[in-house]
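These are the residues of each chain, in order.
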Amino acid sequence: MDPMNRGPEEFSHADDPVGVAGAHAEPGAGPQRSARDREPVTPDFGQRAAGLARTVQLVAGDFLLTVNPIDGSEIENCPPGEIPGSPVRRSAAERAESERAARPPLPPGLMTPTPALLEREEERARLVRLLGRGRSVRLTGPAGSGRSALLDAVAGDCAELAPDGVVRLSGHRRTSTDLLHELYATVFHTSLHRPDRATLLGRVHDIGAVVVLDDLEFGGAPLEELLLATPECAYVLAATPEVPAPHPDSGIEEVFLGGLGRSASLELLEQAVDRALTDEEANWAGDLWFESEGLPLRFVQAGALLRQRDHLRGEPNSLDAYGFPLDETADASVFSGEGREIPLPTLGEGAAPAALLASRLSEAARDTLRFAVALGGEVPHQAHLPALIGDTHADAALGELLAGGLLSPVGSRYRLAAGVLTQLESNGYDTGAGERAHAAAQHYTWWTGHPSVTPERAAGEADAVLAALSALVPGDQDDHPATAVKLARTAAPALAAGLHWSAWERSLRVGSEAARLTGEVGEEAYFHHELGVLALCNGGLDRARAELEASIALRGALSDKRGTVAGRRALALVEDRSGGLPVLPRTPVGEEVPAARHEESKAPPGGVPSAAATAQLPRPDATLVTRRAAPVGGAMPRARRRALFGGARRNLVAAGAGALLAAVLGTVVTLGATSNDKGGGQDGDVTQQQSANEDGSTGGLDADPNNPSSGAKPGDNKGGGPVSPSRPGTTPTPGASGHPVPGTSGSPSTSGRPSSGSSSPGTTKPSSSGRPSSPSGQPSHSSKPPTGSPSGSSSPTGSPTPTPSNSGGSSPPASTKPPPPSSGASHSPTSGGPAGSKPPTASSTP
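Residues numbered from 1 in each chain as written. Predicted model: local features only at pLDDT ≥ 70, side-chain atom pairs only at ≥ 80, totals over all residues. Heavy atoms only, no water.

A word on the pairing of strand 2 (residues 63-67)
Step number 1: Within strand 2, 5 of the 5 residues are buried, leaving the element largely enclosed by the surrounding structure.
Step number 2: Neither face of strand 2 is exposed, since Phe63, Leu65 and Val67 on one face and Leu64 and Thr66 on the opposite face are all buried.
Step number 3: Alignment of strand 1 (residues 56-60) against strand 2, held across 5 bridges, turns out to be antiparallel. Directly across from Val56, in strand 2, lies its bridge partner Val67. (Buried < 20%, exposed > 50% of the residue type's maximum accessible area, 1.4 Å probe, protein only. Helix = DSSP H or I, 4+ residues; strand = E, 2+ residues; numbered from the N terminus. Pairing = 2+ DSSP bridges.)

See below:
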């Protein structure tokens, strides 16, 4: 097809209705369409259509998380229909495909054969035997001892031991929680679902697999947590001696991996150069074995040095007509084609060969090493090397570095081998590291934000992205923190959607620090919001509240309404999960705060049984408030919280509680009002009086002070005698229950309403027994004294004891609980009326 003419030219498409307009249309073509008639979904070549922000919805626990790179992630309670059910296990073929995709890719170019595993048969057999018994093993060896090669062989031997097969994991910069999530994602299908802690532990508990964990970086309690969470798994853990040891009670077997013997080291070197060693090379290799203690990595790198030496010599007979190497004689020339002598490397160069190996590589390979040094040892993926270096064939440099033993696989990527970073830095490869890190950050900013890059691919490159971020904060130049803000702003949503949440958290924290350095308040608010959402998903409610409040404050200063609304929604969800009351809006500045319309009454005294009070509805104008006692940790169900604080139910609960409180307080007041008039109703005299029944054995009343047989003396409070009158205008004194005694001057009672029956302008004064006196003209409840004393008997000290009767008696002691009042309790008037008259019946409604 002609690039200038989009019409059909061949394959008999002359009658194709999809033609082009203008002079380029062929004769006999169908209906033509102009540019304005084309569908808007087909943009012109070279023009990028404006697209929406890439948002991803995923389920995190029982939350529905919408990763929004514009205003911040939005979180809400997940609808019941959106929560995934029981996960489905992957088949053996799916696990094999997943494992193959998780391994680092093979670089282009001619690769050297993988060295054989020498002198590891005993350790290999022991590992397989222990794993077959279900035991976990820790393989400890120094860096470069061949731990990864031994793990590969053991994984192949244990493929059929467990029902879930072999799971390969990398512990490089991973926590125990990260490893649990990766184990769960390897065995089960997890499409945009990250279970919470409880669900995760419940599902990995039943996984039965042989877990091959390389580059472990933690021990002690975190390792014990990992082992306890997966009791059906057998682990083989590879770590260096610097990593903390496991817990003594963990039951992990320890296998130490040392160096190779002298003969095995020479054999490994011969395999690397694919020929026999000369006497001089054998002596040099013996000295190297003694210095390196037989580490296999040193002999892989030494073999690369010998191959480079053979290549530099350039003998005409070193290769045949087909390009294959020829067997060289022992007295082969050590001079190059130009007559330059190529000596063997020194012992120091053999022990630290990185600089010498790099000097003999291509320029693209050396630039790759410089970028790796700038990123702290992280090697960018081979697909990024052409853009970073500026060479279209730079992806082949990865093969050169692998053949030279300068790289080692870590998970799905490559890193500089052990000791290479330090050797390159000492030889000047860190010059200009800040600028290279800045260039890598700019490249990753464009790449992570590209629509064609999936979150899974971005999560796979997380280590290099985080290394570029860390290298720019604080940075050597002024523009470095600003670039770090852009990279964190773009990469963080992709890492969140890729379910690599530990990398998401690190990118947010570095981005927040970079935004603080640059003074970008809006970006700093975004990072605080994301950290709050992340903490809420992980169950850290206090941390989430602090981060969200900081974000809301910053966005409020910027008048960012949409961001503030998103933050307040997340904060309301935090308050809902923590079981606290919702945050009330603050009173605006300059607005008057309304006065309180009620007082919260205290609890009734312990001597009054509240269950015996008759609950009645309060008046419509009364305002009652109840407090909810939320359990610690927010264990109260959400539906129950809504029922307590919503609509008519809230009013009903408040009304019932108010009626109960009013009835109890009325009972306390009426039980304590047991006084009478002093001289038969004299003004200003308040006396204590109670109802009494006629005793059939005497001619008077039991509680009558004028009756000699009643046992009551005039002026004695125990016998119902008069007390000292209260003076008008004095302040009421609180009674025994702590509540103020209701007066008769129209002042409100303790419950917020005036006492019924208050008509006398006088005030009251508590009696000597601790109970409040009743004002003049107000009826008082009768109280039944304790039984067990005969009528008219006295105590051992000589004080008279009141006689029990059906309708009343003297006031009971303070330690005796009075009986609950009934709706038909009899009342005796304080003044007026004969002593033996029947008191009128009053309602118990306060």
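What follows picks up the thread again.
Quick look at the packing of helix 4 (residues 176-187) against helix 5 (residues 197-204)
Step number 1: Where helix 4 contacts helix 5, the two axes come as close as 10 Å, and the packing angle between them is 55°. Taken together, the axis directions place helix 4 and helix 5 in an arrangement best described as oblique. Two packed elements cross with a definite hand, and for helix 4 against helix 5 that hand is left-handed. Residue-level inspection shows Thr177, Leu180, His181 and Tyr184 of helix 4 in contact with helix 5, the latter providing Arg197, Leu200, Leu201, Arg203 and Val204.
Step number 2: Residue classes in the contact of helix 4 with helix 5 are distributed as 5 nonpolar, 2 polar and 2 charged. (Axes fitted to C-alpha atoms, helices over the stretch in contact; angles between N-to-C directions. Parallel < 35°, antiparallel > 145°, perpendicular 65-115°, else oblique. Left-handed = near helix turned anticlockwise from the far one by under 90°. Contact = heavy atoms within 4.5 Å. Nonpolar A, V, L, I, M, F, W, Y, C, P; charged D, E, K, R; others polar.)

A word on the packing of aromatic side chains
Step number 1: In total, this model carries 4 aromatic pairs according to the counting rule given.
Step number 2: Ring plane angle 65° and centroid distance 5.5 Å describe the contact between Tyr526 and Phe527, whose orientation is recorded as edge-to-face. Phe527 matches Tyr526 in its accessibility class, with the two residues each being buried.
Step number 3: Positioned above the aromatic ring of Tyr526, the side-chain terminus of Arg489 is 3.6 Å from the ring centre. (Phe/Tyr/Trp six-rings, centres within 6.5 Å; stacked < 30°, edge-to-face > 60°. Lys NZ or Arg CZ within 6 Å of the ring centre and 35° of its normal.)

With respect to unusual backbone geometry
Most peptide bonds take the trans configuration, and most residues that are not glycine carry a negative phi.
Step number 1: A cis amide bond, omega 5°, links Val473 with the succeeding residue Pro474.
Step number 2: Note on placement: Pro474 falls in the loop between helix 18 (462-472) and helix 19 (480-497).
Step number 3: Phi at Asp215 takes a positive value of approximately 55°, unusual for a residue other than glycine.
Step number 4: Summarising the element assignment, Asp215 is placed in the loop between strand 7 (210-214) and helix 6 (221-229).
Step number 5: The backbone of Asp274 sits at a positive phi, close to 60°, despite the residue not being glycine.

Points about the sheet that holds strand 1
Step number 1: Spatially, 4 strands are ordered 3-2-1-6 in an open sheet, and the strand pairing comes out mixed. Bordering the open sheet on either side are strand 3 (74-77) and strand 6 (193-194), each of which pairs with just one other strand.
Step number 2: Strand direction decides the pairing type here: strand 1 and strand 6, joined by 2 bridges, are parallel. Pairing of Ala60 across the sheet is with Arg194, part of strand 6.
Step number 3: Packed onto the sheet, helix 23 (residues 561-578) meets strand 2 and strand 3 and runs at close to 35° relative to strand 3.

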